[in-house]
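# Report on the structure
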Amino acid sequence: MAKSMYQLFSATVHSRKEKVAAQIKVNGAWRDITWGEMERLANAVAGGLVKLGVAPKEMVAIMSNTRVEWVQADLGILGAGAATVPIYQSSIADDVQYILNDSGSVMVFVEDDAQLKKMREIRAQVPKIRRVIAFTGTPQSDWELSFEQFLKDGEEFFKD
């Protein structure tokens, strides 16, 4: 019997690796994501977080609408031994600042340029945030990282 959400996820992957876990719309067409692919992406998130110095029991926030990357980030956070701090994407910058500081979050995943802008506004007030990872959007500094690059770095972490 699974003792954690990540163990439950791993058991599901083991029994359903080639089955469809989710579907996303890409260029107007639905694309299947298998449980095996979800595991690969969740592991890449976990590797990326560890590579960036996230330690077990640290807090990592996600500020985004519901989307498959939210799930991948959440599973990767759990896989790294950290804890997820969900933040409504509609939260104003002052509330985001409070939640990040109160939770002790060290990193935050954001959905898009609007959320990146919000994080830039409060950067000086959230000193524990080491990096901001954007599912979409255009990172503009070394404090910000695209989800695509983050996943590549996470996959490389496990190859080393």
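Residues numbered from 1 in each chain as written. Predicted model: local features only at pLDDT ≥ 70, side-chain atom pairs only at ≥ 80, totals over all residues. Heavy atoms only, no water.

Let us now look at the packing of aromatic side chains. Within the structure shown, the criterion is met by 7 aromatic pairs. Arranged with centres 6.2 Å apart and planes meeting at 75°, the rings of Phe-109 and Phe-147 form a pair that is edge-to-face. Remark: Phe-147 occurs in helix α6 (residues 147–159) and Phe-109 occurs in strand β5 (residues 105–110); sequence separation between them is 38 residues. Phe-109 gets classed as buried once you look at its relative accessible area, which sits at 0%. Judged by relative accessible area, which is 5%, Phe-147 ranks as buried. On the basis of an interplanar angle of 20° and a centroid distance of 6.4 Å, the ring pair of Phe-147 and Phe-150 is categorised as stacked. Pair noted here: Phe-147 and Phe-150 are both in helix α6, with a separation of 3 residues, about one helical turn. Grouping aromatic residues by their ring pairs yields a cluster made of Phe-109, Phe-135, Phe-147 and Phe-150. (Phe/Tyr/Trp six-rings, centres within 6.5 Å; stacked < 30°, edge-to-face > 60°. Helix = DSSP H or I, 4+ residues; strand = E, 2+ residues; numbered from the N terminus. Buried < 20%, exposed > 50% of the residue type's maximum accessible area, 1.4 Å probe, protein only.)

Another aspect to go through is the packing of helix α1 (residues 5–16) against helix α3 (residues 68–79). At their nearest, the axes of α1 and α3 sit 9 Å apart, and the two run at 115° to each other. Between α1 and α3, the angle is such that the two are roughly perpendicular. Here α1 and α3 pass one another in a crossing that is left-handed. Packed against α1, whose contacting residues are Met-5, Tyr-6 and Phe-9, the element α3 presents Leu-75, Leu-78 and Gly-79 at the interface. Partitioning the contact of α1 with α3 into residue classes produces 5 nonpolar, 1 polar and no charged. (Axes fitted to C-alpha atoms, helices over the stretch in contact; angles between N-to-C directions. Parallel < 35°, antiparallel > 145°, perpendicular 65-115°, else oblique. Left-handed = near helix turned anticlockwise from the far one by under 90°. Contact = heavy atoms within 4.5 Å. Nonpolar A, V, L, I, M, F, W, Y, C, P; charged D, E, K, R; others polar.)

Worth remembering: the numbers are spatial, not functional.
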